[in-house]
Amino acid sequence: MSKAASGTVSLGKKVPDFTAATTEGGEWRLKEALGSKVVLFFYPKDMTPGCTIEAREFRDLQASFRKAGTLVVGVSRDSCSSHQKFRTKELLNYELLSDADEALCRLFDVIKEKNMYGKKVFGIERSTFLIDAKGVLAAEWRKVKAEGHAATVLVAAKAL
């Protein structure tokens, strides 16, 4: 279960502290990441084509993100067990957070109406947020195309 403040985040403002369940069986808390930059990327579903591309690109650039003092964290509504299978299959070297109750999705305003095979559904709009070492939202990308996105985020993280 995720715990987040109500309302939504905005550029240049401090991101409210939140906690969410992790694949490691514990909880990840934003407050505990202060002092590092954080890339929080929201994606629709584990093991789907676009999400796999995005996850692999963040995996492959992990050493560069670390060198830039930046933690990478993925978020979707999938369960921790689904996340663990995804991490294992794709050799992901960063944490995935489960937001089954959509608390983080609402905080970051990423749940949008989508058209799936002619049917309207609500789901996560692929979005990424860069939080500076003091917890302030420094950059955001919405309606992201998976391919090449991680490299764009890395450039912004290095520039902070």
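Let us look at the structure shown here. (Residues numbered from 1 in each chain as written. Predicted model: local features only at pLDDT ≥ 70, side-chain atom pairs only at ≥ 80, totals over all residues. Heavy atoms only, no water.)

### What about the overall build of the protein?
Summing up its helical and strand segments, the protein has five helices and ten strands in all. Taking 160 residues into account, the globule formula puts the C-alpha radius of gyration at 15 Å, and the protein, at 14 Å, falls close to it. If you line up the protein on its principal axes, its C-alpha atoms span 45 × 35 × 30 Å. The burial tally for the protein puts 46% of its 160 residues in the buried class. For the protein, contacts bridging at least 24 residues in sequence account for 62% of all contacts bridging at least 6. When the accessible surface of the protein is summed, it comes to about 8000 Å², and 54% of that surface belongs to carbon and sulfur atoms. Between the averaged position of the 26 positive side-chain charges in the protein and that of its 20 negative side-chain charges there is a distance of 2 Å. (Helix = DSSP H or I, 4+ residues; strand = E, 2+ residues; numbered from the N terminus. Rg over C-alpha atoms; globule rule 2.2 N^0.38 Å. Buried < 20%, exposed > 50% of the residue type's maximum accessible area, 1.4 Å probe, protein only. Contact = heavy atoms within 4.5 Å. Areas by Shrake-Rupley, 256 points an atom, 1.4 Å probe, with all protein chains shown as cover. Lys, Arg positive; Asp, Glu negative; His and termini not counted. Charge placed at Lys NZ, Arg CZ, Asp CG, Glu CD.)

### Some points on helix α1 (residues 49-60)
For α1, spanning twelve residues, the distance from its first C-alpha to its last is 17 Å, which sits close to the expected 16 Å at 1.5 Å a residue. Looking at the buried residues of α1, the elements they touch are β4 (37-42), α2 (62-67), β5 (70-76), α3 (80-90), β9 (127-131) and α5 (149-159). (Expected span 1.5 Å × (residues − 1).)

### Topic: the pairing of strand β6 (residues 95-98)
Residues of β6 alternate between two faces, with Glu-95 and Leu-97 on one and Leu-96 and Ser-98 on the opposite face, all of them buried. Relative to β6, strand β2 (residues 18-22) is paired through two bridges, and the arrangement is antiparallel. Residue pairing for β6: Thr-22 is matched across the bridge by Leu-97. With four bridges connecting them, β5 and β6 associate as parallel partners. Across the sheet, residue Gly-74 finds its bridge partner in β6, namely Leu-96. A crossover connection joins β5 to the parallel β6 through α3; in handedness this β-α-β unit is right-handed. (Pairing = 2+ DSSP bridges. Right-handed = clockwise from strand over helix to strand, strands pointing away.)

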